[in-house]
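Each chain is listed here by its residues.
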Amino acid sequence: PVPVLAVVGRPNVGKSTLVNRIIGRREAVVEDRPGVTRDRVSYDADWSGRAFTLVDTGGWDPDARGLAERIAAQAEIAVSLADAVLFVVDATIGITDADEAVVKVLRRSGKPVVLAANKVDDQRTEAEAASLWNLGLGEPYPVSALHGRGSGDLLDAVLAAL
Ligand code: GDP
Ligand code: MG
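In this report, the structure presented in the accompanying data block is examined. (Residues numbered from 1 in each chain as written. Chains lettered and ligands numbered in written order. Predicted model: local features only at pLDDT ≥ 70, side-chain atom pairs only at ≥ 80, totals over all residues.)

Some points on the overall build of the protein
The helix and strand tally for the protein stands at five helices and six strands. Each helix (α) and strand (β) of the protein, taken in turn from the N terminus, gives the series β-α-β-β-α-β-α-β-α-β-α. Rg of the C-alpha trace for the protein: 14 Å, near the compact-globule value of 15 Å for 162 residues, within the 12% margin. Dimensions along the principal axes, computed over C-alpha positions, put the protein at roughly 45 × 40 × 30 Å. A buried classification covers 40% of the 162 residues belonging to the protein. (Helix = DSSP H or I, 4+ residues; strand = E, 2+ residues; numbered from the N terminus. Rg over C-alpha atoms; globule rule 2.2 N^0.38 Å. Buried ≥ 20, exposed ≤ 12 C-beta atoms within 10 Å, placed from the backbone.)

In structure tokens:
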């Protein structure tokens, strides 16, 4: 059986952009307007000759009341279906309440988590990624889903977790 990697995080952090980067195609829907991805969409992926299934998550209205709770509830479903989790945070914004809500779900799940510090488009932003050590999920992997920066190291960590 092919292992399943769930990509979770609050809206607009770049989950779908990262999924497209990993699968090498533009299939996951990326929108400047957050909340466009349907609840869960699966894609075939591979890295270094290992196949896995990537599950992109989303579909929240960012203006909805109780957004953090909704995100956490969706993450809970996706995580329960996955062997490992790729948790995406926007390093240029830092840790928000919605991020903290997802962290609680991840802790409870006991599943392996790889932390992607996204939108690290250049060297300057790397210091901001380091602040994500405070989430208590181990090493934050700085990446730019948009430009591909850091994605090789991130995927190596993902394979080690699967
Ligand atoms: P999702 O809601 O988490 O799936 O986020 P999307 O993938 O739809 O991306 C939301 C916005 O962030 C889009 O405008 C993307 O172009 C932008 N974005 C995604 N990744 C990066 C990145 O690495 N750097 C920058 N600067 N923008 C990004
Ligand atoms: Mg999306």
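Read on, since the account is not over.
Some points on the environment of V30
Among the secondary structure elements, V30 is positioned in the loop between helix 1 (15–23) and strand 2 (40–47). Each C-alpha atom of the pair V30 and N20 lies 8.9 Å from the other, and the pair is 10 residues apart in sequence. When neighbours within four sequence positions are excluded, V30 is seen to be in contact with S16, T17 and N20. (Contact = placed C-beta atoms within 7 Å.)

As for the pairing of strand 4 (residues 84–90)
With seven of seven residues buried, strand 4 is to be regarded as a mostly interior element. Alternating residues of strand 4 divide into A84, L86, V88 and D90 and V85, F87 and V89, and every residue in both groups is buried. Pairing between strand 1 (residues 4–8) and strand 4: four bridges, direction parallel. In the sheet register, A6 faces strand 4, and the bridge partner there is V85. Where strand 4 and strand 5 (residues 113–118) come together, six bridges link them in parallel fashion. Bridge assignment links D90 to a residue of strand 5, and that residue is N118. (Pairing = 2+ DSSP bridges.)

Quick look at the site of ligand 1
Taken together, the neighbourhood of ligand 1 is formed by 20 residues, with G14, K15, S16, T17 and L146 sitting nearest. Of the residues that constitute the shell around ligand 1, the class distribution is six nonpolar, nine polar and five charged. (Near = placed C-beta within 6 Å. Nonpolar A, V, L, I, M, F, W, Y, C, P; charged D, E, K, R; others polar.)

Remarks on the nonpolar core
Counting 44 residues, the largest nonpolar core has L5, V7, V85, F87, V102, A116 and A117 as the members making the most contacts within it. At the level of secondary structure, the elements contributing two or more residues to this core comprise strand 1, helix 1, strand 3 (50–57), helix 2 (67–80), strand 4, helix 3 (97–109), strand 5 and helix 5 (151–161). Of the residues forming this core, the biggest block, six residues, is contributed by strand 4. (Core = buried A, V, L, I, M, F, W, Y, C linked by C-beta atoms within 7 Å.)

Some words on the environment of G66
Following the sequence through the fold, G66 ends up in the loop between strand 3 and helix 2. By C-beta crowding, G66 is classed as exposed, having 9 other C-beta atoms within 10 Å. With 32 residues separating them in the primary sequence, G66 and A98 have C-alpha atoms 9.5 Å apart.

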